[in-house]
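Descriptive analysis of the structure
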Amino acid sequence: MGCGCRNFIDNSMTENLIIFNARLVTPTGTSARCGAQEMNHLHILDNATVEITKGIITYVGASRGETRDGYYNHFWHYNARGKCLLPGFVDSHTHPVFDGERADEFNRRLRGESYLSIMQSGGGIAATVRATRNATYYTLRARAETLLKQMSLMGVTTVEAKSGYGLDRDTELMLLRVIQGLQRDEHRRVDIVPTYLGAHAIPAEYAGRPDDYIDFITGEMLPHIARHRLAAFCDVFCEAGVFSVEQSRRLLTAARRYGFGLKLHADELASLGGAELAAELHAVSADHLLHVSEAGIRQLRAAGVVATLLPLTAFILKAPYAPGRQLIDSGLAVALATDLNPGSAFSGSVPLTFALACIYMGLTIEEAITAFTLNGAAALNRADTIGSIETGKQGDMVLLNTDNYHQLTYYVGMNSVIATIKGGVIHPLNG
Ligand code: NIG
Ligand code: FE
């Protein structure tokens, strides 16, 4: 680590920073990168200097002769010693606000039961909903904060966080207020983008009446959440046995009228037409896509929808991986995210996501880096402010312990991060 680092973390929390002698590795642009050529293109520059003023990047380029660590002219100078400096990772699909554990279900799956059959027997999302409805704001917040801290240690600087384990009015609003509270913490290491996922499951009190539940969401929840600006996106679990394509369409069409960006859990467990619906509604992203159809791929491409792939879920459910290679070769913008949640993927592991995407989905490491940075940002409508190291963007970066970025996949499941930089403030891994 550069000398003086600990002191400046402890003493000043400055947002003015100059990192020098870095191996810069970044995609470029302010929108999603589509297809193999764009996703493989990374800007790589040795002996690079990056200057961050009040949290915003103000210079990226060749060295300007900086050689010493320390505090000069209102900027901390930090020597990266030739290590890789990447944009902070953007995890654009997570469910981190919940209470309870489902280790019993994990064991049932190990013995051969399926995710869907456990769900149909009253477990799954419903089990977490029962636990979450009994939890307090502070319990939920503390748990989510612990998860976010762990993600920050793996280089994540922005996370999308979904509600969806309350389902009733008050618990869903509490989950969104937990997310809002975490975002308002001035010492946060991770920005949090809130998504309302009331349509995650049909709650017990609406059993057999999914259309009534959609009416409740569109009539009561969406106007309230929009008025209080509690969510940027609205998402739906469009799946056999959960919400049909028609119900999802009705919900998302209403959400669009209230100004929400649209997301879908699409074609995760079966090929239902979720991708086609995402394209029809010009959703910002369609997520999962394990069973996406050929027509769905074409329509997503034509509509410019980001395809968000979640390899940890396929890995943990022993399900087939989404066709990442095919999606990229078809010209789509692919994003990678963890899907961290208490059921199908209790993991926020960035390094394992990288490894699975490259080993089993056929992405190159360069594509995976673009997918977890700029395209993740695009999946949150934020590619103009985060996702690459360029002048004018937020000073959100990650410093690896290596000059070889291939280590991100070659060291399988091991953390290569030595520091995250959030808004120009360095957080060393041991700090
Ligand atoms: O993305 N598919 C729906 N939601 C989660 C699973 C949630 C859970 O099992 O608690 C997912 O896989
Ligand atoms: Fe999910």
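Cut-offs and rules
Within each chain, residues carry numbers counting from 1 in the order of the written sequence. Both sets of labels track the order of writing: A upward for chains, 1 upward for ligands. Only residues with pLDDT of 70 or above have their local features reported here, since the model is predicted, and side-chain atom pairs are shown and tallied only from 80 upward, although totals for entire chains, interfaces and linings are computed over all residues. Excluded from the side-chain calculation are hydrogens and water; included are all heavy atoms of the structure. In this listing, donors mean N, O and S atoms no farther than 2.8 Å from the metal, or 3.2 Å for Na, K and Ca; water is missing from the atoms, so a site can look incomplete. Think of it this way: any DSSP run of H or I at least four residues long counts as a helix, any run of E at least two long counts as a strand, and we number them from the N terminus. Each residue's exposure class comes from its accessible area (1.4 Å probe, protein chains only) as a fraction of the maximum for that residue type: buried when under 20%, exposed when over 50%, partly exposed otherwise. Throughout, a residue-residue contact means that at least one pair of heavy atoms, one from each residue, lies within 4.5 Å. Each axis is a line fitted through C-alpha atoms, taken for helices only over the stretch in contact, and angles between the N-to-C directions span 0 to 180 degrees. For classification purposes, angles smaller than 35 degrees are called roughly parallel, those larger than 145 roughly antiparallel, those between 65 and 115 roughly perpendicular, and all remaining angles oblique. Working rule for handedness: look at the near helix, and if it is turned counterclockwise from the far one by less than a right angle, call the crossing left-handed; if clockwise, right-handed. Source of the domain bounds: an automatic or database domain assignment. Throughout, the accessible surface (probe 1.4 Å) given up by two parts as they are put together, summed over both, is called the buried area. Salt bridges are defined by distance alone: a side-chain nitrogen of Lys or Arg within 4 Å of a carboxyl oxygen of Asp or Glu. Pairing of N or O atoms within 3.5 Å defines a polar contact, subject to two protein rules: one partner must be a possible hydrogen donor and the other a possible acceptor, and residues neighboring in sequence count only if both atoms are side-chain atoms.

Moving on, we get to the coordination of the iron ion (ligand 2). Around the iron ion (ligand 2), the protein contributes the donor atoms His93 (NE2), His95 (NE2), His265 (NE2) and Asp339 (OD), at 2.1 to 2.3 Å from the metal centre. All donor residues of the iron ion (ligand 2) come from one chain, and their arrangement in sequence is H-x1-H-x169-H-x73-D. Of the two residues, histidine 95 sits in the loop between β7 (89-91) and α3 (103-110) while aspartate 339 sits in the loop between β14 (334-336) and α14 (350-360), which places them 244 residues apart along the sequence.

Another aspect to go through is the environment of arginine 81. Inspection of the secondary structure assignment puts arginine 81 in the loop between β5 (75-79) and β6 (84-87). A relative accessible area of 47% means that arginine 81 is categorised as partly exposed. Each C-alpha atom of the pair arginine 81 and glutamate 366 lies 22 Å from the other, and the pair is 285 residues apart in sequence.

This brings us to the side chain of serine 349. Within the element layout of this structure, serine 349 appears in the loop between β14 and α14. Judged by its relative accessible area of 14%, serine 349 falls in the buried class. Excluding residues that lie within four positions of it along the chain, serine 349 makes contacts with Met154, Leu312 and Thr338.

The next thing to look at is the packing of helix α6 (residues 137-153) against helix α7 (residues 169-184). The contact between α6 and α7 brings their axes to 10 Å, and the two run at 50°. With respect to each other, α6 and α7 are oriented oblique. Between α6 and α7 lies a crossing whose hand is right-handed. Residues Tyr137, Leu140, Arg141, Ala144, Glu145 and Leu148 of α6 lie in contact with α7, whose contacting residues are Met174, Leu175, Arg177, Val178, Gly181 and Leu182.

In this section: the domain arrangement of the protein. If you check the domain split of the protein, you get domain 1 (17-87 + 388-428) and domain 2 (90-378). Inter-centroid distance (C-alpha atoms) of domain 1 to domain 2 is 29 Å. Each partner contributes residues to the interface: domain 1 has 33 residues there, and domain 2 has 35 residues. The largest per-residue losses of area from domain 1 upon contact with domain 2 belong to Met39, Thr409 and Lys422, which jointly make up 23% of the total buried on that side. Linking domain 1 with domain 2 are one salt bridge. The salt bridge partner of aspartate 191 is lysine 422, with a shortest N-O separation of 2.7 Å. Across the domain 1-domain 2 interface, the total number found is eleven residue pairs in polar contact (both at pLDDT 80 or more). Counting only elements with at least two residues in the side of domain 1 that touches domain 2, the list comes to α2 (35-40), β6, β15 (397-400), α17 (407-410) and β16 (417-422).

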